[in-house]
Amino acid sequence: MIAPEPVSRLARTLDDLRNGQASPEIVRWLRAQREYALGLPAPPCGPHGYTRSLLYKSERFEVLVLHWKPGCATSIHDHGGANCWFAVCEGVMHVENFRRFDSGQTAGYARIGLEGREQLRRGDLDYRQDDVHLHRCIAGEQPVTTLHVYAAPIERFRIFEERTESCAETSCSYDAILTAF
């Protein structure tokens, strides 16, 4: 379990972030929790090829560990208006970055385009601050473990289809809840 003191430090750091500071603190916190995340068991894997395990949730933020089978991928997605950080604890994660070019005013329609690709290795981080910069995450050739912080918790988010210029809202779920406080 993540000790209560590191979680309270994370809560203070997220409060500072809302005041326009503290991003380096989130990075340090994520890197410091790497060994803890690697020690967590992966729940049985469903059809997506990755699992989402909740470690902590409050009204301000949530912390999750994700376990990825080799080669599995997310849909292209936003983060429901939440700030999102994730650290690669083990393995290699390929990230395809997309940008939304339409106004977002027409339900079900989204014009997006690929902006670039990056490869994240153990210790590397990704950060998303808005719902214009989207991504798809693809696990490398070995299993991958990632640790995520979302401020605020994500209840609903959108998935995107580049070819059909469409998007749809969906809800988040967890494969396991590993929190004790």
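Let me sum up the structure you'll find in this document.

About the thresholds
Once a new chain begins, its residue numbering starts again from 1 and follows that chain's sequence as written. Totals for whole chains, interfaces and linings use every residue, but because this is a predicted model, local features are given only for residues with pLDDT of at least 70 and side-chain atom pairs only at 80 or more, for both listing and counting. Note: side-chain values were computed over all heavy atoms of the structure, leaving out hydrogens and water. Runs of H or I in DSSP of at least four residues are treated as helices and runs of E of at least two as strands, each being numbered from the N terminus. Each residue gets one of three labels from its accessible area relative to the maximum for its type: buried under 20%, exposed over 50%, partly exposed in between, using a 1.4 Å probe on protein chains only. Here a strand pair is declared whenever DSSP counts at least two bridges between the two strands. For each structure, a 1 Å grid was placed over the protein atoms alone; sets of points admitting a 1.4 Å probe that cannot get out are labelled cavities, open sets with protein on both sides within 12 Å along at least five of seven lines are labelled pockets, and lining residues have an atom within 4 Å of a point. Grid points are joined across faces, edges and corners, and a volume is the space filled by probe spheres set on the points. Each residue is assigned to one of three groups, with Ala, Val, Leu, Ile, Met, Phe, Trp, Tyr, Cys and Pro labelled nonpolar, Asp, Glu, Lys and Arg labelled charged, and all others, Gly among them, labelled polar. We define a salt bridge as a contact between a side-chain nitrogen of Lys or Arg and a carboxyl oxygen of Asp or Glu at a distance within 4 Å. What counts as a ring pair is set by centres within 6.5 Å for rings of Phe, Tyr and Trp (its six-membered ring), and what kind of pair is set by the plane angle: stacked under 30 degrees, edge-to-face over 60, tilted for all other angles.

## Some remarks on unusual backbone geometry
Next up, step 1: Backbone torsion omega between Ala 151 and Ala 152 reads 5 degrees, so that peptide bond is classified as cis.
Next up, step 2: Structurally, the position occupied by Ala 152 is in the loop between strand S9 (144–151) and strand S10 (156–161).

## Concerning the pairing of strand S1 (residues 50–57)
Next up, step 1: Most of S1 sits inside the fold, with seven of its eight residues counted as buried.
Next up, step 2: In the sheet, S1 pairs with strand S2 (residues 62–68) via seven bridges, with the strands oriented antiparallel. Paired with Thr 51 across the bridge in S2 is His 67.
Next up, step 3: For S1 and strand S12 (residues 176–177), the ladder comprises two bridges, and the chain directions are parallel. When the bridges of S12 are listed, Leu 54 appears paired with Ile 177.

## Remarks on the layout of surface pockets
Next up, step 1: When its volume is computed, the largest pocket comes out at roughly 520 Å³.
Next up, step 2: In terms of lining residues, the largest pocket is bounded by 28 residues, among which His 48, Tyr 50, Arg 52, Thr 74 and Phe 157 are the most central.
Next up, step 3: Where the lining of the largest pocket is concerned, the elements lending two or more residues are S1, S2, strand S4 (83–90), strand S8 (133–139), S9, S10 and strand S11 (166–171).
Next up, step 4: Residue composition of the lining of the largest pocket, by class: 14 nonpolar, eleven polar and three charged.

## Quick look at the pattern of salt bridges
Next up, step 1: Under the criterion given, the structure shown has ten salt bridges.
Next up, step 2: One salt bridge connects Glu 35 with Arg 34, and the closest N-O pair in it is separated by 2.5 Å.
Next up, step 3: Among the ionic pairs, Glu 90 bridges to Arg 122, the shortest N-O distance being 3.6 Å. Linking Glu 90 in strand S4 with Arg 122 in the loop between strand S6 (112–120) and strand S7 (125–128), this pair joins segments that are 32 residues apart in sequence.
Next up, step 4: Looking at Glu 90, the relative accessible area reads 31%, which means it is partly exposed.

## What to know about the sheet that holds S12
Next up, step 1: Taking strand neighbours across the sheet as the criterion, the six strands line up as S7-S4-S9-S2-S1-S12 in an open arrangement whose pairing is mixed. Two strands lie at the open edges of the sheet, namely S7 and S12, each paired on one side alone.

## Details of the packing of aromatic side chains
Next up, step 1: With the rule as written, the count across this model stands at three aromatic pairs.
Next up, step 2: Centre to centre, the rings of Trp 85 and Tyr 127 are 5.0 Å apart; their planes meet at 35 degrees, and the pair counts as tilted. Here Trp 85, found in strand S4, pairs with Tyr 127, found in strand S7; they are 42 residues apart in sequence, far enough to count as distant.
Next up, step 3: Overall, the relative accessible area of 1% leaves Trp 85 in the buried class.

## So, the pairing of S4
Next up, step 1: By the criterion of burial, S4 is predominantly enclosed, with seven of the eight residues buried.
Next up, step 2: Here seven bridges tie S4 to S9, and the two strands are oriented antiparallel to one another. Looking across to S9, one finds that Cys 84 is bridged to Tyr 150.
Next up, step 3: Where S4 and S7 come together, four bridges link them in antiparallel fashion. By the bridge assignment, Trp 85 is partnered in S7 with Tyr 127.

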